[in-house]
Amino acid sequence: MPGHQPKTSLTRRSFLKAAAISVAAPAVIPSTVFGRPGRQAPSDLMLLGCIGVGRQGQSDMQEAIYRGLEVGARVVAVCDVDTHRLEDAQWLAEKIYAVELEKNGSKGCSAYRDFRELLAREDIDGVLIVTPDHWHAGHAIAAANAGKDIYLEKPLTYTIAEGRKLVEAVRRNKRILQVGSQQRSSVYFRTACELVRNGRLGKLQTIIVTLPSDVGTGDGRPMPVPKNLDYNFWLGPAPEAPFSEDRVHPQRSYERPGWLQIEPYCRGMITGWGSHMNDIAQWGNGTDDTGPIEVEATAEFPDRGLFNVHTTFHAEARYANGVRLVMKTGEPAGVRFEGDRGSLFVDRDRIEPSDPAILREKIGENETRLYVSNNHMKNFLECMRSRKDPVAPVEVGHRSNTICVLAHIAMKLGRKLRWDPAAEKFIGDEEANRGLDYAHRSPWTV
């Protein structure tokens, strides 16, 4: 079976050609880059570690390598519980840095299977965390407590309770955290939100968030655990479960992993894409520090074998300011803002207003201007130096993800829920409040 065949055909040499990751082929960095005038001396470089170097993790790692050239940062360590992916990432980083390593005799990229060993390194300043959702809180809180700055892929955490604990850990330790909600670094989304915030649509009434749906089936038949995978470590805080390749990730490719469709590890598209699009809804509504006061939802949970997250769904939430938020499956994925004088739709490729004149209206000097970031990873690295909050700080990621989790809880319970965004509790509903966290498997409590 494919889950336990030895890895013989995928070599480091053919890695980027065979891997299904959207990254550019590695461009070797000339050693002169590190000594260019105006750049930090090697001793002043910010050193980075990457925890989780699979499909998205290696893409983020390359982005950190190349953006690091512009601000003085370097990837010096990688970590993964799958040694095949760990070795691939180590090889890739060293391949990109090859000329510099050869000419200057610099140290290569260290590899770890246990994230705690990487975090114990005092020379590492920041980490990229790109692991399954159920591990986000554990890895990120440990990183904050170890004094590391953090780039954390979305969604911020698996549960709302975890998110609040992470916010507290980041602030207590005075760390920088950038959530991987990179749409905040897009001119399309920033422009759209500025137009909404400055009344170009009139009074905002409704926000419609459209998300794709999951498809396919998962094979949950137990399989032998591959020697390259520390499966118990991969499960971490989640309940014990028999190994199958569809539960974790493909063993011979970097195609989309099955854990994205299994509830103990991910809630499905409501958090996968929802954390992106609800983040823009929050930005345009001016509610980054709060959330809706009620939510209701319906969803389909068809029998798809091992895959048990929702497919199609429809959810509605209401804010204290009267704005209605609609979340639903459909195409294209994006956000539609509707006011009493006009509307606009925005996605990753365009802004489509109800009247083209809306886009021609300039934002004045004394009007609301939103945070400008033109590259999400570079913004994180620059904030590591400046110690200023990045464009998507921890509280923003927590509040955006909270909307997604609220909708998921409403899907499961099938009734309207009242929410107190200040106390972060459901009002008069203890069953719903039990969904704010889960019993983490020892020793991975947060």
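Residues numbered from 1 in each chain as written. Predicted model: local features only at pLDDT ≥ 70, side-chain atom pairs only at ≥ 80, totals over all residues. Heavy atoms only, no water.

Turning our attention to the layout of surface pockets. Leftover empty space is mapped by rolling, across the atoms, a probe with the size of a water molecule. Of the voids in this model, the largest pocket is the one considered here, and its volume is about 1200 Å³. The wall of the largest pocket is formed by 49 residues, among which R55, Q56, G57, V130 and E153 lie closest to the centre. Among the elements of the structure, α2 (55–71), α6 (136–145), α9 (231–235), α10 (269–272) and α13 (376–386) are those that each provide at least two residues to the lining of the largest pocket. For the lining of the largest pocket, the element with the highest residue contribution is α2, accounting for six residues. Tallied by class, the residues present in the lining of the largest pocket amount to 21 nonpolar, 17 polar and eleven charged. By volume, the second largest pocket amounts to about 220 Å³. Around the second largest pocket, the lining comprises 14 residues; the ones closest to its centre are R267, H408, I409, G435 and D437. Those elements that provide at least two residues to the lining of the second largest pocket are α14 (394–413) and α15 (430–433). It is α14 that contributes the most residues to the lining of the second largest pocket, four residues altogether. Grouping the constituent residues of the lining of the second largest pocket by class yields six nonpolar, three polar and five charged. (1 Å grid on protein atoms, 1.4 Å probe; cavity = no way out; pocket = protein on both sides within 12 Å on 5 of 7 lines; lining within 4 Å. Points joined across faces, edges and corners; volume = space filled by probe spheres on them. Helix = DSSP H or I, 4+ residues; strand = E, 2+ residues; numbered from the N terminus. Nonpolar A, V, L, I, M, F, W, Y, C, P; charged D, E, K, R; others polar.)

A separate point is helix α7 (residues 160–172). For α7, with 13 residues, the first-to-last C-alpha span of 18 Å sits near the 18 Å given by 1.5 Å per residue. Every buried residue belonging to α7 is among I160, E162, G163, L166, V167, A169 and V170, and all of these are buried. Against the buried residues of α7 lie α6, β5 (149–152), β6 (177–179), α14 and β14 (417–420). Structurally, the start of α7 carries an N-cap: the backbone nitrogen of E162 is 3.0 Å from a side-chain oxygen of T159. (Expected span 1.5 Å × (residues − 1). Buried < 20%, exposed > 50% of the residue type's maximum accessible area, 1.4 Å probe, protein only. Contact = heavy atoms within 4.5 Å. Polar contact = N/O pair within 3.5 Å; in protein donor to acceptor, adjacent residues only side chain to side chain.)

Taken as a whole and judged by the stated rule, the model has twelve aromatic pairs. Taken together, a centroid distance of 5.8 Å and an interplanar angle of 80° make the contact between Y158 and Y438 edge-to-face. Of this pair, Y158 sits in the loop between β5 and α7 while Y438 sits in the segment after α15, placing them 280 residues apart in sequence. We classify Y438 as partly exposed; its relative accessible area is 22%. Their ring planes at 20° and their centres at 5.4 Å tell us that F233 and W444 sit as a pair that is stacked. With F233 in helix α9 and W444 in the segment after α15, the pair connects residues that are 211 residues apart, well separated along the chain. For the pair F233 and W444, a shared accessibility class is recorded, and that class is buried. Among the aromatic side chains, those forming a connected cluster through ring pairs are F115, W135, F233 and W444. (Phe/Tyr/Trp six-rings, centres within 6.5 Å; stacked < 30°, edge-to-face > 60°.)

Residues S343 and F345 line one face of strand β12 (residues 343–346) and the alternating positions L344 and V346 line the opposite face, and both faces are buried. Hairpin remark: strand β11 (residues 334–339) followed by β12, antiparallel, with three residues in the connecting loop. As defined by bridge partners, β12 adjoins strand β13 (residues 351–353) across three bridges and the pair is classed as antiparallel. Note that in β13 the partner of V346 across the bridge is I351. Between β12 and β13, which pair antiparallel and follow one another directly, the connecting turn spans four residues. (Pairing = 2+ DSSP bridges.)

One finds L118, V127 and L166 to be the most contacted residues of the largest nonpolar core, which totals 49 residues. Dropping the residues within four chain positions of it, L118 is found in contact with G49, C50, I51, A77, V78, C79, Y112, I124 and V127. Judged by nonpolar contacts, the second largest core, of 47 residues, contains C193, A297, F337 and M411. (Core = buried A, V, L, I, M, F, W, Y, C linked by side-chain atoms within 4.5 Å.)

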